[in-house]
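The chain contents come next:
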Amino acid sequence: MTHRSLILKLLSAAIVFGAWEIAGRIPISFAFPTFIDSMAALFAMIADGSLFAAFGETLRPLAVGVAISAFFGIVLGLWIGLSGWFDWLFSPIFVVMQAAPLAALIPLLVMVYGIGLTSKVFVVCIMAMPVIVLNTAGAVRNTPASLKEMGRAFLGNRRDIILKIVIPAASPIIFSGLRLGVSAGFIGAILAELKITPTGVGDIITYSRSVADYPSMYAAIFSIIVLAVLFLNLLERLEHTLFRGNIRGYASD
Amino acid sequence: MPQTDLAGTDEAPADAPELAVTVRGVSKNYGSVEALRNLSLDFPRGQLTALLGPSGCGKTTLLKIIAGLLEPSAGEVRVNGRPVTGPGPDRAFVFQDFALLPWATVLRNVAFGLELRGVARAEREAIAERYIAQVGLSGFEQSYPHELSGGMRQRVGLARALSVDAEVLLMDEPFSAVDEQTRRKFQEDLLGLVARENKTFIFVTHSIEEAVYVSDQVAILLPRPSRVSEIIRPQGLRTKDVANIRRDPEYLDIVDRIWNSLRSYVE
């Protein structure tokens, strides 16, 4: 079973990279390099260390922003899900944030917070937080009523019911919100580097494009996607170790 | 507190055995909807009382008021003479949909009531293991609920309720979500449990046969607004062998009588 899914994963990667290679060789555009050229550029950047330096820059606003979004997003989401009053007060803010055209708002952020780390962290948070908050709130609100009732009937206090029933019951949807939020955070981090000041991976992308070094540009984009996928897999592992019963299927079937 | 074992005895209701739970003048309104009106009912200690009635008659509402999960709009419920203000250690609940934690093993689910009471892990797991064995689930301690059949899941729910050692067991249509054969086995096991444990059982059901089969007294509730229309106490069934109850003329007569009084309320 795991063997087959591994083969399927490799096969789908081969199809995507093959299509990339063919599209690059036609070529569909002079600005679109082949897969092999892009990988060569990627290894060159790894070899001279410039990629690691770039990630060192990019990861700072990303890590700070994702950490803030995950922590405050889950706490706020819990609060909103548990209290109707809080829901009324805060939900609209995050719905608006989720729908806002962020790229258009960036100049405003720069005006207020300057071009430093703060603005970039803000961009990551605006991208990542709404989906984490809204997913958490929705999951908490939809805790099966009979489970909460069971907790009360067996004399659980409010804290126990939240920690031992509400949060574990909501955890699959909280984690799916985290996954969506983290991917949005990655997009936000690159967007900030393209729109505010070119640093890190965003700098490689901007600079390579300006000198028409398209393989390096795509190598940088590729590397950030790989990092995002690795991080999401790590998150999935974390979920599986924290809530073992959940991956074994839900008991309502 | 004197503990009178009434299983197998044969008194008339006028003898008024000691009451474990009393419901006095309870009303419950949901907004303008009147779910229960001025309902009074007694539950003798050590016996099984079934709340029977058509759907929408407020049986489950009454059970949840006794459990302390719902607050009555008027009236009072007393358990062992003490008024009910919320859930208490003297009552345990068995849920219709089992209400098991899907992410927890059978062992943790059964021990969960004790976990919420702050009993230390080793102690609560030892108690849970004993009750898991008693309901016939030995060997499934480390299974997860979704790996069990419906009947086995309800055995977990029952073991959880037994393990907190409450005097009153409240069961909300506990066998309605399991298949017919499992249900019959459950009903037989329940009779054994009532005879063995000196607990008071309050059992909500919409099955007339089930109510007559398992009960010491059957309270028939009629809907909108709910009231107790009749209390029937089967006299000779408790002394019979479980295999013969369904053929007993008294059993058949009571089932027939209840159906005649309920049929006009079933649309």
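Residues numbered from 1 in each chain as written. Chains lettered and ligands numbered in written order. Predicted model: local features only at pLDDT ≥ 70, side-chain atom pairs only at ≥ 80, totals over all residues.

(A) Seen up close, the overall build of chain B. What chain B contains, in helices and strands, is seven helices and ten strands. Relative to its length of 267 residues, chain B is compact, with a C-alpha radius of gyration of 18 Å against a globular reference of 18 Å. Across its three principal axes, chain B shows a C-alpha extent of roughly 50 × 45 × 45 Å. By residue count, 44% of the 267 residues in chain B fall in the buried class. The contacts of chain B with a sequence gap of at least 6 include a subset with a gap of at least 24, amounting to 68%. (Helix = DSSP H or I, 4+ residues; strand = E, 2+ residues; numbered from the N terminus. Rg over C-alpha atoms; globule rule 2.2 N^0.38 Å. Buried ≥ 20, exposed ≤ 12 C-beta atoms within 10 Å, placed from the backbone. Contact = placed C-beta atoms within 7 Å.)

(B) Fine view of the confidence of the model for chain A. On average, chain A scores 88 in pLDDT, and the residues at 70 or more come to 95%. Counting contacts from residues 249–253 of chain A, a segment whose pLDDT is below 50, to residues more than four positions away or on other chains yields eight contacts. (pLDDT = per-residue confidence, 0-100.)

(C) Geometry of the sheet that holds strand E4 (residues 74–79) of chain B. Residue and element names in this part refer to chain B. Taken in spatial order, the four strands of this open sheet run E2-E1-E4-E5, and their pairing is antiparallel. The sheet is open, and its two edges are formed by strand E2 (33–44) and strand E5 (82–83), each paired on a single side. Here strand E1 (residues 19–30) pairs with E4 via five bridges, running antiparallel. When the bridges of E4 are listed, arginine 24 appears paired with glutamate 76. (Pairing = 2+ DSSP bridges.)

(D) Seen up close, the packing of helix H3 (residues 50–82) of chain A against helix H6 (residues 117–141) of chain A. Residues and elements named next belong to chain A. Relative orientation of the contacting elements H3 and H6 amounts to 30°, with a least axis distance of 6 Å. Here H3 lies roughly parallel to H6, going by the angle between them. Between H3 and H6 lies a crossing whose hand is right-handed. Among the residues making up the contact of H3 with H6, the classes are represented as 22 nonpolar, seven polar and three charged. (Axes fitted to C-alpha atoms, helices over the stretch in contact; angles between N-to-C directions. Parallel < 35°, antiparallel > 145°, perpendicular 65-115°, else oblique. Left-handed = near helix turned anticlockwise from the far one by under 90°. Nonpolar A, V, L, I, M, F, W, Y, C, P; charged D, E, K, R; others polar.)

(E) Layout of the pairing of strand E3 (residues 48–52) of chain B. Residue and element names in this part refer to chain B. By the criterion of burial, E3 is predominantly enclosed, with five of the five residues buried. Side chains Leu48, Ala50 and Leu52 of E3 all project onto a buried face; the interleaved residues Thr49 and Leu51 project onto the opposite face, where all are buried too. For E3 and strand E8 (residues 200–205), the ladder comprises five bridges, and the chain directions are parallel. In the strand pairing of E8, leucine 51 is matched with valine 204.

(F) Structural view of helix H2 (residues 35–47) of chain A. Residues and elements named next belong to chain A. Its 13 residues give H2 an end-to-end C-alpha distance of 18 Å, which sits within 8% of 18 Å, the value for a rise of 1.5 Å per residue. Among the residues making up H2, those that are buried are Phe35, Ser38, Ala41 and Met45. What you see down the axis of H2 is that its buried residues fit within an arc of 125°, all on one side. Along H2, exposed side chains directed more than 90 degrees from the buried face belong to Phe43 and Ala47. Positioned one or two residues after H2, glycine 49 has a phi angle of 80°, which is positive. (Expected span 1.5 Å × (residues − 1). Arc of directions from axis to C-beta.)

(G) Quick peek at the pairing of E4(B). Residue and element names in this part refer to chain B. Across two bridges, E4 lies against E5 in antiparallel orientation. Note that in E5 the partner of valine 79 across the bridge is arginine 82. The turn linking E4 back onto E5 is made up of two residues, and asparagine 80 within it adopts a positive phi angle of 50°.

(H) The arrangement of the confidence of the model for chain B in detail. Residue and element names in this part refer to chain B. Looking at chain B, pLDDT values average 86 and 93% of them are 70 or higher. Per-element confidence in chain B ranges from a low mean pLDDT of 83 for strand E10 (residues 227–232) to a high of 95 for helix H2 (residues 106–116). Note that residues 1–16 has pLDDT below 50 and, in this model, 21 contacts with residues that lie over four places away or in other chains.

(I) Region of the structure containing the interface of chain B and chain A. Taken together, the contact pairs 20 residues of chain B with 21 residues of chain A. Examining the composition of the side of chain B that touches chain A, we find that three residues originate from one element, H2(B), more than from any other. Along the lines of polarity and charge, the residues of the side of chain B that touches chain A split into 16 nonpolar, two polar and two charged.

(J) Up close: the environment of A:Phe35. Looking at the secondary structure, you find A:Phe35 in helix H2. If we ignore the near neighbours within four places in the chain, the residues touching A:Phe35 are A:Phe17, A:Trp20, A:Glu21 and A:Gly24.

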